[in-house]
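Take a look at the letters that make up each chain.
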Amino acid sequence: MKISELGERSGLTIQTIKFYIREGLLPKGTATGATRAEYDERHLDRLRLVRALREVGDLPVAAIRRIVAAVDDDAGMHRLFGITQYAIGPHVDPPDQDPGAPEDLAAQWRTARQDVDALMGELGWRVTARAPARDLLAQTFVALRRLGFPVTLADLLPYTRAAAAVAEHEIGMVAADAPRTRAVHAMLVSTVLYEQVLTALHRLAQEDASARRFGSDDPGGMN
């Protein structure tokens, strides 16, 4: 197909497609003349992935370049998932790594990091030390303690069990021989979109549990 058809089928402008080619996100087409090239379904599939990473994942070009490079190389599926998930984030700026941060806050962060390490060990989860979600969890532990809420394994167990069950379901949906682009799509959807589903269901379930325990009057104060 010509670049004009590639644009129509992908929903992207020709200028955007050319930009992705220049940035190394999309392979060049097969040259058919001095200024013409042909593209195929692989180009369309790559454009759909790049568009999803940009629009759903809100990722910068550099992060997308790392992901598509992992799609094209011989990295194992676990590494491909890791590159994708770590690019998506969340990205937290830990105050214990900021020389200007108050010492008490930095100390709280160091304690929270140790607690996250201990939790991963207790659960037996195989998670690298550089996983971005470690910092998110540490940040949450700090916030909980500053509000006067203790962080104990007993309090965390319902959440760890739910998270493990959801993760097993999501990873189990991806076949070991699945196309690599499809696997990245699955990671993107589960990490970005289905986390929103999980958050929404959590809040709806809270309202239901509250209604069953405390009464079913209107919780929003609406008529």
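Computed from a prediction, not measured in an experiment: that's the story for all the values here.

The next thing to look at is the overall build of the protein chain. When you go through the protein chain residue by residue, the secondary structure sums to nine helices and two strands. Helices and strands appear in the protein chain in the N-to-C order α-α-β-β-α-α-α-α-α-α-α. Over its C-alpha trace the protein chain gives a radius of gyration of 22 Å, far above what one expects of a compact globule, namely 17 Å for 223 residues. In the protein chain, which comprises 223 residues, the share counted as buried stands at 31%. Intrachain contacts of the protein chain at a sequence separation of at least 6 include 58% that bridge at least 24 residues. Each charge sign in the protein chain was given a centre, from 27 positive and 30 negative side chains, and these centres are 6 Å apart.

Here helix α3 (residues 41–55) crosses helix α9 (residues 180–214) at 20°, and the two axes come no closer than 10 Å. Comparing their axes, α9 and α3 come out roughly parallel. Between α3 and α9 lies a crossing whose hand is left-handed. Seen from α3, the contacting residues are Asp45, Arg48, Leu49, Ala52 and Leu53; seen from α9, they are Thr181, Val184, His185 and Leu188. For the contact of α3 with α9, the residue count by class is five nonpolar, two polar and two charged.

Relative to the assigned elements, histidine 43 resides in helix α3. When sequence neighbours within four positions are dropped, the list of residues in contact with histidine 43 reads Leu6, Leu26, Pro27, Lys28 and Gly29.

Residues glycine 89 and proline 90 are joined by a peptide bond in cis, for which omega reads 15°. By the element assignment, proline 90 lies in the loop between α5 (77–88) and α6 (103–123). Residue aspartate 58 is not a glycine yet carries a positive backbone phi of 55°. Looking at where aspartate 58 falls in the secondary structure, it is placed in the loop between α3 and α4 (61–72). On the accessibility criterion, aspartate 58 (65% relative accessible area) is exposed.

Looking now at the packing of aromatic side chains. Enumeration according to the criterion identifies one aromatic pair in this entry. Taken together, a centroid distance of 5.9 Å and an interplanar angle of 50° make the contact between phenylalanine 19 and tyrosine 20 tilted.

Let us look at the environment of leucine 156. Looking at the secondary structure, you find leucine 156 in helix α8 (residues 153–172). Assessed through its relative accessible area of 16%, leucine 156 is described here as buried. Not counting chain neighbours up to four residues away, the residues in contact with leucine 156 comprise Leu119, Phe141 and Val151.

On average, residues of the protein chain score 90 in pLDDT, and 97% of them are at 70 or above. Confidence, expressed as mean pLDDT per element, reaches its minimum in the protein chain at strand β1 (residues 30–31) with 86 and its maximum at helix α7 (residues 132–146) with 95.

Core analysis: the biggest nonpolar cluster contains 30 residues, and Ile17, Leu53 and Leu59 have the highest contact counts within it. Elements that contribute at least two residues to this core include exactly α1 (3–10), α2 (14–22), α3, α4, α5 and α9. Of the residues forming this core, the biggest block, seven residues, is contributed by α4. If you look at the next biggest cluster of nonpolar residues, it comprises twelve residues, including Val92, Ala112, Val116 and Leu119.

We now examine the pattern of salt bridges. The full count for this structure, using the stated rule, is 13 salt bridges. Where glutamate 55 meets arginine 51, a salt bridge forms, and the shortest distance between an N and an O atom there is 2.8 Å. Placement of the pair is glutamate 55 and arginine 51 together in helix α3, with a separation of four residues, close to one helical turn. Classification of glutamate 55 as exposed rests on a relative accessible area of 55%. A salt bridge links aspartate 208 to arginine 212; the nearest nitrogen and oxygen atoms lie 2.9 Å apart. Here aspartate 208 pairs with arginine 212, and both are found in helix α9, just four residues apart, close to one helical turn. A relative accessible area of 39% means that aspartate 208 is categorised as partly exposed. Linked by salt bridges that have partners in common, Glu5, Arg9 and Glu41 make up one network.

The rules behind each value
- Residues numbered from 1 in each chain as written.
- Predicted model: local features only at pLDDT ≥ 70, side-chain atom pairs only at ≥ 80, totals over all residues.
- Heavy atoms only, no water.
- Helix = DSSP H or I, 4+ residues; strand = E, 2+ residues; numbered from the N terminus.
- Rg over C-alpha atoms; globule rule 2.2 N^0.38 Å.
- Buried < 20%, exposed > 50% of the residue type's maximum accessible area, 1.4 Å probe, protein only.
- Contact = heavy atoms within 4.5 Å.
- Lys, Arg positive; Asp, Glu negative; His and termini not counted.
- Charge placed at Lys NZ, Arg CZ, Asp CG, Glu CD.
- Axes fitted to C-alpha atoms, helices over the stretch in contact; angles between N-to-C directions.
- Parallel < 35°, antiparallel > 145°, perpendicular 65-115°, else oblique.
- Left-handed = near helix turned anticlockwise from the far one by under 90°.
- Nonpolar A, V, L, I, M, F, W, Y, C, P; charged D, E, K, R; others polar.
- Phe/Tyr/Trp six-rings, centres within 6.5 Å; stacked < 30°, edge-to-face > 60°.
- pLDDT = per-residue confidence, 0-100.
- Core = buried A, V, L, I, M, F, W, Y, C linked by side-chain atoms within 4.5 Å.
- Salt bridge = Lys/Arg side-chain N within 4 Å of Asp/Glu carboxyl O.

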